[in-house]
Structures are given as C-alpha cells and as structure tokens.
Amino acid sequence: MTLKSTSSETTSAGSKAHTPANIDALRTVGVVGAGQMGGGIAQVLAQSGVNVVLSDVNPEGLKKALLTMDRSLGKLFEKGKLSEHPPAVLGRVKTTTSLSDLAGCDLVIEAVNESEELKTRIFKELDAVLPPHALLASNTSSLPITRLASTTKRADKFIGMHFMNPVPIMELVEIIRGHSTSDETYELTRSLAEKMGKKTVCSQDFPGFIVNRILMPMINEAFYTLMEGIASPADIDAGMKLGTNQPMGPLTLADFIGLDTCLAIMKVLHEGLGDSKYRPCPLLRKYVEAGHLGRKTGRGVYAY
Ligand code: CAA
C-alpha cells in the first residue's frame, strides 16, 4: 500500500526536553499496531516533531486511530497544552497496512496485542526489511525483552519501551534493557522518550518490570479482598483512594486497564517468578470468562 500523509503541513513542534545530539539519528519512527497504545505513541511522537509511519493490518483501525489522535490533539490545543495546530501534527503521520513500508525507519516501536507469537512474527519481518542501523522496541507490558530480541539478528539494538495508557496524558515511559541491549540503544531510546516529553525509569528484564510487578499484585489483592467478602467494591476503592492518596481505587483502575490485560500480566508474573503469591485471583478469572472486561466492554467490576 502507498504511504498516505494526512496533511501536507510539516511544521516542527517545539520541545522543552533536553535532547542530546545523537537523537537526530532517529528521524523517522515506525509504530506497528494502531490500537489505543500504538495510536497514542504515534501521536506523541508526531507532537514532538518526529515523522511517523503507523502500520496496522486493518485499514479501519488506522482510520479510527487518526480520528482519535485528531480529537486528542484538539483537546490539547484548546487547553493551550499544544502550540501547533492539530492538522500540522497529523501531517507528520503516514499510515500503511504493509510492514515493508517501514523500511526507511530508524526505529520501530511495536504495540500490537500481547501475543508472543504475533510479536515474534512482526519482529522477524521488520528485522528483514529495516536497515542495519535501525532499532527495534516493544511496548510489551510483561513479555521478556530478551526472548523477543533473540528472535532477531539485532539483539543489541532491541529494547523495551513501555508506555502507560493514555499515552498523551501519562508522564512515564518504562525502559527495559534486554540481556544484550547496548548502551547506545538505551541512550537513544531514553533521549527519544525525553524528546516526547516523558520521564523515564529503567528496568532490568524480569517479569512485570517495575510498574506491573508492583501494580498488578495490588490489583489482584483487591480482587481477593472482594472475593472474600471483606468489603464492597466502592469501599475497597474508597479505602485505597482516600487512605493512600491514589487518584483512583484499584478496582476502578483494573476496569480502566482491562481485566483481561490484568489477568494476562498476573499469569506472566506467576509463571515467570514461580511464586504462589502471584496466583491470579479466581474472581478476576471469572470476570474475564464472563466477558466483563472493564470499561471497554461496558462492564467489569462496575457497569459503565
Ligand atoms: N488526550 C488528551 N487529553 C486527554 C486524553 C487524551 N487521550 N484523555 C484524557 N484527557 C484529558 C481530558 O481532556 C481532561 O482534561 P482536563 O482535566 O483539562 O479537562 C483530563 O485528561 C481528565 O480526563 P476526563 O475528565 O475525561 O476523565 P478522567 O477524570 O477519568 O481522567 C484519566 C482521565 C486522567 C486518563 C484518568 O482516567 C486516569 O488517571 N486513569 C488511569 C490512568 C493510569 O493509571 N494509567 C496507567 C495504567 S497502567 C498501564 O498503562 C501499564 C500497563 O501495562 C497495564
């Protein structure tokens, strides 16, 4: 498929973040997967002046991602949080349904579903079409970076770049170094995240990294607290929100993230760390089996 630009304007966005000289090596960045995460990553890259090629097998998904970006950019512009006009930002985003159109990218960030088989297939294909200098990053929330990297011939140029949802709003990017990730790859990735206006933390490659290693057991425990009849969902959430200064309670947050995602991450922690303290709560499993996955299905712990 031919690359399509959404606008002809190509003005650069200003960035206050410190950007070392070698960041110029990352002129064009590919994003694979135009879902909530991929679309958000593409948007924030474009906001920071980077040319983006957004790829997805589904043309409808690409259209939807552009509409979502347009809405989000509009909100940010209205509030004065974005100085550039949204069409100019969107002008830096090209879309494609073919991975071969990413051949000119200096870095590709993969943000497809949490399927190791799918991710591996995509990385193998990218490894074959990308130039030798190009970096590969995965937005996986829990799969081992070292294992994904080992399916390519550029493990030194492979890294984890874990964005938080919603990407345009959340400040953090968790950077995960695989066993063979080079210092240069790490520095470039960190500089890019900073150029995108994000703060970074660095994690070694162990199940759940930093954020999900700590967040998911708390959410899982909230489900045990509910299952054991200790308190109602509203009281569990109010207890944690008002008692520990969290912006929302763990069950509300679980509905926001998606209960299927929470369950999948708990399974990775349980399997990867081999400790029974990470066993997924049966009530969390039950919600997922019922198809009550949270906000996205209109029903999770709460009804929306
Ligand atoms: N683009 C631009 N602006 C957005 C936006 C987007 N995508 N989403 C929300 N906003 C803005 C809204 O316009 C609004 O701005 P104002 O306050 O200036 O009016 C503000 O954000 C709040 O939005 P809303 O009032 O619509 O809704 P809300 O009060 O529910 O807040 C939220 C939205 C800030 C995203 C809030 O729901 C929240 O904090 N959610 C939890 C986020 C979180 O913890 N994410 C991390 C999850 S863990 C993870 O991602 C890792 C993993 O691997 C699972």
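Scroll up for the structure.
Here's what I pulled together on the structure shown here. (Residues numbered from 1 in each chain as written. Predicted model: local features only at pLDDT ≥ 70, side-chain atom pairs only at ≥ 80, totals over all residues. Heavy atoms only, no water.)

### A short note on the nonpolar core
1) Next: I41, L45, L54, I109, F163 and L192 are the most contacted members of the largest nonpolar core, which has 40 residues in total.
2) Next: Setting aside residues up to four positions removed in sequence, L192 forms contacts with I23, L26, V29, L45, V50, L107 and M161.
3) Next: Within the second largest apolar cluster, 23 residues are counted, among which are L215, A222, L283 and V301. (Core = buried A, V, L, I, M, F, W, Y, C linked by side-chain atoms within 4.5 Å. Buried < 20%, exposed > 50% of the residue type's maximum accessible area, 1.4 Å probe, protein only. Contact = heavy atoms within 4.5 Å.)

### What to know about the pattern of salt bridges
1) Next: Tallied over the entire structure, the rule returns 12 salt bridges.
2) Next: The salt bridge partner of E60 is K63, with a shortest N-O separation of 3.5 Å. Of this pair, E60 and K63 both sit in helix α2 (residues 59–78), 3 residues apart, roughly one helical turn.
3) Next: Measuring nitrogen to oxygen at the nearest pair gives 2.9 Å for the salt bridge that ties E187 to R190. Here E187 and its partner R190 are both found in helix α6 (residues 183–195), 3 residues apart, which amounts to about one turn of the helix.
4) Next: Residue classification places E187 among the partly exposed residues on the basis of a relative accessible area of 32%.
5) Next: Overall, the relative accessible area of 28% leaves R190 in the partly exposed class.
6) Next: Look at the salt bridges and you will find they share partners, linking E110, E114 and K119 into a network. (Salt bridge = Lys/Arg side-chain N within 4 Å of Asp/Glu carboxyl O. Helix = DSSP H or I, 4+ residues; strand = E, 2+ residues; numbered from the N terminus.)

### Re unusual backbone geometry
1) Next: A cis amide bond, omega -5 degrees, links N165 with the succeeding residue P166.
2) Next: Here P166 lies in the loop between β7 (158–163) and β8 (172–177).
3) Next: The phi angle at F209 is positive, at roughly 55 degrees, despite the residue not being glycine.
4) Next: In this fold, F209 is placed in the loop between β9 (199–204) and α7 (211–227).
5) Next: We note that N245 has phi near 55 degrees; this positive angle belongs to a residue other than glycine.
6) Next: Among the structural elements, N245 can be located in the loop between α8 (233–244) and α9 (250–257).

### Digging into the layout of surface pockets
1) Next: Put simply, the second largest pocket is a space of about 270 Å³.
2) Next: Taken together, 16 residues form the lining of the second largest pocket, with L143, P144, R147, V268 and E271 sitting closest to its centre.
3) Next: Its residues assigned to classes, the lining of the second largest pocket comprises 7 nonpolar, 4 polar and 5 charged. (1 Å grid on protein atoms, 1.4 Å probe; cavity = no way out; pocket = protein on both sides within 12 Å on 5 of 7 lines; lining within 4 Å. Points joined across faces, edges and corners; volume = space filled by probe spheres on them. Nonpolar A, V, L, I, M, F, W, Y, C, P; charged D, E, K, R; others polar.)

### Observations concerning the site of the ligand
1) Next: As a matter of local geometry, the ligand sits amid 20 residues, with S72, K79, H162, N165 and N212 nearest to it.
2) Next: A distance of 2.9 Å separates an oxygen atom of the ligand from a polar side-chain atom of N212.
3) Next: For the ligand, the accessible surface in isolation is 1000 Å², of which the surrounding protein chains cover 62%.
4) Next: For the shell around the ligand, the secondary structure elements donating two or more residues are α2, α7 and α9.
5) Next: Taken together, the residues of the shell around the ligand break down into 12 nonpolar, 5 polar and 3 charged. (Near = heavy atom within 4 Å. Polar contact = N/O pair within 3.5 Å; in protein donor to acceptor, adjacent residues only side chain to side chain. Areas by Shrake-Rupley, 256 points an atom, 1.4 Å probe, with all protein chains shown as cover.)

### Focus on the packing of α7 against α8
1) Next: α8 packs onto α7 with a crossing angle of 140 degrees between their chain directions and a minimal axis gap of 10 Å. Classified by the angle their axes make, α7 and α8 are oblique. As α7 packs across α8, the resulting crossing turns out to be right-handed. Here α7 contributes M218, A222, T225 and L226 to the contact with α8, which in turn contributes P233, I236 and M240.
2) Next: Within the contact of α7 with α8, the residues separate by chemical class into 6 nonpolar, 1 polar and no charged. (Axes fitted to C-alpha atoms, helices over the stretch in contact; angles between N-to-C directions. Parallel < 35°, antiparallel > 145°, perpendicular 65-115°, else oblique. Left-handed = near helix turned anticlockwise from the far one by under 90°.)

### With respect to the pairing of strand β6 (residues 135–138)
1) Next: The alternating pattern of β6 places L135 and A137 on one face and L136 and S138 on the opposite face, and all of these are buried.
2) Next: Note that strand β5 (residues 107–110) and β6 share 4 bridges and pair parallel. Note on β6: the bridge partner recorded for L107 is L135.
3) Next: Taken together, β5, helix α4 (residues 116–129) and β6 form a β-α-β motif whose crossover is right-handed.
4) Next: Alignment of β6 against β7, held across 3 bridges, turns out to be parallel. The partner of S138 across the bridge, within β7, is G160. (Pairing = 2+ DSSP bridges. Right-handed = clockwise from strand over helix to strand, strands pointing away.)

None of this, on its own, says anything about what the molecule does.
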